[in-house]
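Chain and residue survey
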Amino acid sequence: MTELERVKEEDERLARERKKIVRDGPKLTGAKLEARLERTWRRPPGIVGWLATVDHKEIGRRYIVTALLFLAAGGVLALLMRLQLARPDSNLISAQRYNELFTMHGSTMMFLFAVPVMEGVAVFIIPLMLGTRSTAFPRLNAFSYYMYLFGGLMLWIAFALNIGPDIGWFAYTPLSGPQFSPGKRADIWAQMITFTEVSALAAAVVLVCTILKTRAPGMTLSRMPLFAWAMLVVAVMIIFSMPAVALCSSMLISDRLVGTNFYNAYEHGDALLWQHLFWFFGHPEVYIIFLPATGFVSVITETFCRRPIFAYPVVVLALISTGILAFGLWVHHMFATGLPRVGYSFYTSASMTVAIPTGLQIFCWLATIWDGRPRFQVPMLYVVGFIITFVIGGLSGVIIASVPLDLQLHDTYFIVAHFHYVLIGGAVFPLLGILTYWYPKITGRMMSETLGKIGFWMLFLGFQLTFFPMHFSGLLGMPRRVYTYPAGLGLELPNLLSTVGAFVVATAVVLFVVNGLWSVYRGVPAPPNPWGAASLEWATISPPPPYNFAHIPVVETRTPLWDSAGELPVVSGLRVDEKEILLTTVVAAAPDLREPVPAASLWPFIAACAVGVLFVSSIFSPWAVVFGAIPSAIAAAAWFWPKDLRRHPEPVIT
Amino acid sequence: MIPAPRFTDDVAALPTHKFGPSSLTWWGIIGFMIIEGVFFALAFAAYFFLMGHEQGWPPEGRQAPNLLWGTLFLVVILLSEIPNSMIKRAAKERDVPTIRALMPVIIGIGGVLLIIRGFEFKNLNCRWTDDAYSSIVWAILFLHTTHIVTDWGDTIVLWALMMTDVGWEGRRLVDTDENCLYWRYVWLLWIPVYLLVYWVPRL
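Residues numbered from 1 in each chain as written. Chains lettered and ligands numbered in written order. Predicted model: local features only at pLDDT ≥ 70, side-chain atom pairs only at ≥ 80, totals over all residues.

Along chain A, the regular secondary structure elements total 20 helices and four strands. The C-alpha radius of gyration of chain A comes to 26 Å, within 12% of the 26 Å expected for a compact globule of 654 residues. Principal axes of the C-alpha set define a box for chain A whose edges measure 90 × 65 × 50 Å. When burial is assessed residue by residue, chain A has 57% of its 654 residues classed as buried. (Helix = DSSP H or I, 4+ residues; strand = E, 2+ residues; numbered from the N terminus. Rg over C-alpha atoms; globule rule 2.2 N^0.38 Å. Buried ≥ 20, exposed ≤ 12 C-beta atoms within 10 Å, placed from the backbone.)

Right, let's talk about the pairing of strand β4 (residues 591-596) of chain A for a bit. By the bridge criterion, five bridges tie strand β3 (residues 580-584) of chain A to β4(A) in an arrangement that is antiparallel. Counterpart to T584(A) in the pairing with β4(A) is P591(A). (Pairing = 2+ DSSP bridges.)

Here the focus is the environment of A417(A). Among the structural elements, A417(A) can be located in helix α15 (residues 413-443). When neighbours within four sequence positions are excluded, A417(A) is seen to be in contact with S396(A), F467(A), M470(A), H471(A) and G474(A). (Contact = placed C-beta atoms within 7 Å.)

Attention now moves to helix α16 (residues 449-475) of chain A. The terminal C-alpha atoms of α16(A) lie 39 Å apart, and with 27 residues this matches the ideal 39 Å at 1.5 Å per residue to within 8%. Phi for G477(A), located one or two positions after α16(A), is positive at around 100°. (Expected span 1.5 Å × (residues − 1).)

Every contact between the two is made by 64 residues of chain A and, on the other side, 51 residues of chain B. Among the secondary structure elements, those contributing two or more residues to the side of chain A that touches chain B are α7 (185-213), α8 (226-257), α9 (271-305), β2 (567-572), β3, β4 and α20 (623-640) of chain A. Pairing geometry for β2(A) and strand β1 (residues 4-10) of chain B, over five bridges, is parallel. Counterpart to P569(A) in the pairing with β1(B) is R6(B).

Take the packing of helix α3 (residues 81-92) of chain B against helix α6 (residues 170-199) of chain B next. All names here are of chain B. Taken N-terminus to C-terminus, the directions of α3 and α6 make an angle of 155°; their axes are 8 Å apart at the nearest point. Considering their axes alone, α3 and α6 lie roughly antiparallel with respect to each other. Classified by chirality, the crossing of α6 by α3 is left-handed. Each of E81, N84, I87, K88, A91 and K92 in α3 lies in contact with α6, whose residues at this interface are L173, T176, D177, C180, W183, R184 and W187. Here the residues of the contact of α3 with α6 are counted per class, giving six nonpolar, two polar and five charged. (Axes fitted to C-alpha atoms, helices over the stretch in contact; angles between N-to-C directions. Parallel < 35°, antiparallel > 145°, perpendicular 65-115°, else oblique. Left-handed = near helix turned anticlockwise from the far one by under 90°. Nonpolar A, V, L, I, M, F, W, Y, C, P; charged D, E, K, R; others polar.)

Attention now moves to α15(A). Residue and element names in this part refer to chain A. Along α15, the largest kink reaches about 45° and is centred on Y437; proline P440 follows within four residues of it. With 28 of 31 residues buried, α15 is to be regarded as a mostly interior element. G444 occupies a position one or two residues after α15 and carries a positive phi of about 90°. (Bend = angle between axes of the 7 residues up to and from the residue.)

What follows is about unusual backbone geometry. Across the junction of T173(A) and P174(A), the peptide omega takes the value 0°, indicating a cis bond. Looking at where P174(A) falls in the secondary structure, it is placed in the loop between α6 (138-160) and α7. Residues W57(B) and P58(B) are joined by a peptide bond in cis, for which omega reads 5°. Among the structural elements, P58(B) can be located in the loop between α1 (24-51) and α2 (67-79). Positive phi, close to 50°, is recorded for D89(A), a residue that is not glycine. Counting through the fold element by element, D89(A) comes out in the loop between α4 (56-85) and α5 (95-130).

Attention shifts here to the confidence of the model for chain B. A low pLDDT means the predicted coordinates there should not be read in detail. When pLDDT is averaged along chain B, the result is 96, and 100% of the positions lie at 70 or above. Scored by ipTM, the complex comes to 0.96, with pTM at 0.97. (pLDDT = per-residue confidence, 0-100.)

For the rest of this paragraph, the subject is the environment of L68(A). Position of L68(A) relative to the elements: it lies in helix α4. Measuring from C-alpha to C-alpha, the distance between L68(A) and L112(A) comes to 9.1 Å, with 44 residues separating the pair along the chain.

Among the structural elements, L475(A) can be located in helix α16. Since 15 C-beta atoms lie within 10 Å of it, L475(A) is described here as partly exposed.

Okay, here's the thing in structure tokens:
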């Protein structure tokens, strides 16, 4: 028998077997279906299963918890700096140690907390919001988490071993180059970048594909929840911006390790090349952190005002235009380097322009609150805190978009005040609000409302006490990144206030953590939809089962749970004996394909270990790139290679 | 409470694979193409940024890279599109024997390209340590080499897989189709890289 005949016979046999596959539907629903799906979707037990999991909820939870631990660690560094600056001429911390503290603080907050926590929340909630059972490429998702974890651990272990970086979170050349930073501190920083960028890029591709292809049938782009829109824009921004920092930090490592001359002015390189590449990433980065938070604000505002968000299309267009404008602003970080006059004018106007879409979003939220029936529970309080704080930070941003003022205020505490207003006010407040909001979905219990309210007010007021005085220390000329200041310049009072405020903020954060931990065990058990919200993540139990939804929901309006009147339209026909999801078309979300979901696998973890060894050892030898590539390639091939080479009636990914 | 299900459509009859933008991996591959494209675009930007500082290009005392090997690379990689297109068509027609026969050809071409690349590095007329011009030229060529090596590696793995029984499965044919799409991207990208490395210094 020829192979073709054998294949034809095999095809016919598989077609017959395909008819016997068990699928959900009116005849298989309720508890019986749930038990079967549970068997199919739960991960293998034990430590191996724990490392091999591809469940987006587990990976998302790990992302969030890890990022919050890094937030705490970065916060402790901030407290140390504030202790040092509480009094003038203080000798508590040496200049060198202080350099390490602000470098670690900034790097941790930007690369190990702010971006990963947004991705983590998205990885957890987006598939639930879209009404599907898994992210796209769940193994890549797991790989992305492990890369992030290893990068973070490398940085902090190096810090503990006293080889932590001391070059600022943006590692300007020539300070970070081989001449002025001998040793390995700068390389540790640069390689941490490689880890986190690989991780962020992988997560971005996962999110784009998830959002475009796995939405519930009927969830057209114009019915998509605003948080999904925000994450779509953010993921595309990551794809376009993060290669810049990965490229410039690789060039930095190669200048330091193999003697290239990208930033070496003596051999016709240019230190400003670093600044351009870094800020081409660095400015979009700010919006990569901020736009998910605007998604949180839209979600919370809608639910707690019991009204669909005002002018949904305007909010979507604002998200997209902010995402585009973010790529035209990077030079405003470089006003003090000297630019052609037309460059000043262009980047000033671009920087001011970005206030327009952001302002539009704020007016849409205000209109929603105005026209709705707001309930001021903890998540909504954070939204109010966000609007006030972010508007202050946004306005100081418009001020420093103007070149003459920027030249005066560059590298002073005024800038420190500005970006903490936009990053903490603009991103951390909404984050704490949304964590309170989605906490019942993540853990199955409610957080304490009383503790939450006390925490919010402490945080909000403590924040203003910490950072508002910094405007004045900046105006008085206090520079950033200097470990102390002399007495008698009028800087004592604002600095003391900032330090007191920092401890109030820290106490509030501790209170949030205590509330979070206490509520895991003692919180009131959460019903499926405790806040009476409209989107699909609330159409399943809290916490959701491994398969998320027993049947894939169908979406007919923008606010499905408000319009469904006690019953939810669903599609049937997905198999229950193997993991399967439904793919829909990109714009109209019409059912398109049935897609198998990969089984749990250790290989993403092993691949991350192999790539981790490559990255860490290439700090020390360029040959590590060659030799480290071999185990990495083997792990990647094994990840892709089917563990079961028989043909199945319908495809499975083993 | 969880809202009760109201059954609408049944999706059991939907296919489990399709070629092109319906497939999830197509979108994944486009995502990674963009990422790599941005790497190249920024490396190009760095090249022109450094070029802007110089009186001449290549800087005084340097010679432009020798044309021979780079041009040979261009010719071979363009010719590789012939077997590549044949494999792509075979994937859509489920012509597994043709795929199995032609993939070694494309892998062989990849190997030849890597050898030519070795000669290209030797004929750049500079070492990466010489000056910023040399560094960026080496960097761009190195970047493109990793691009070739990774695609070469995964083409080998895919070929091994296509030799097994599962090579007949629709999803593997989609993988093959998308691997060909990716190869097209690889050779398309070589054209601007070639012009930049070999011809911009000759302008």
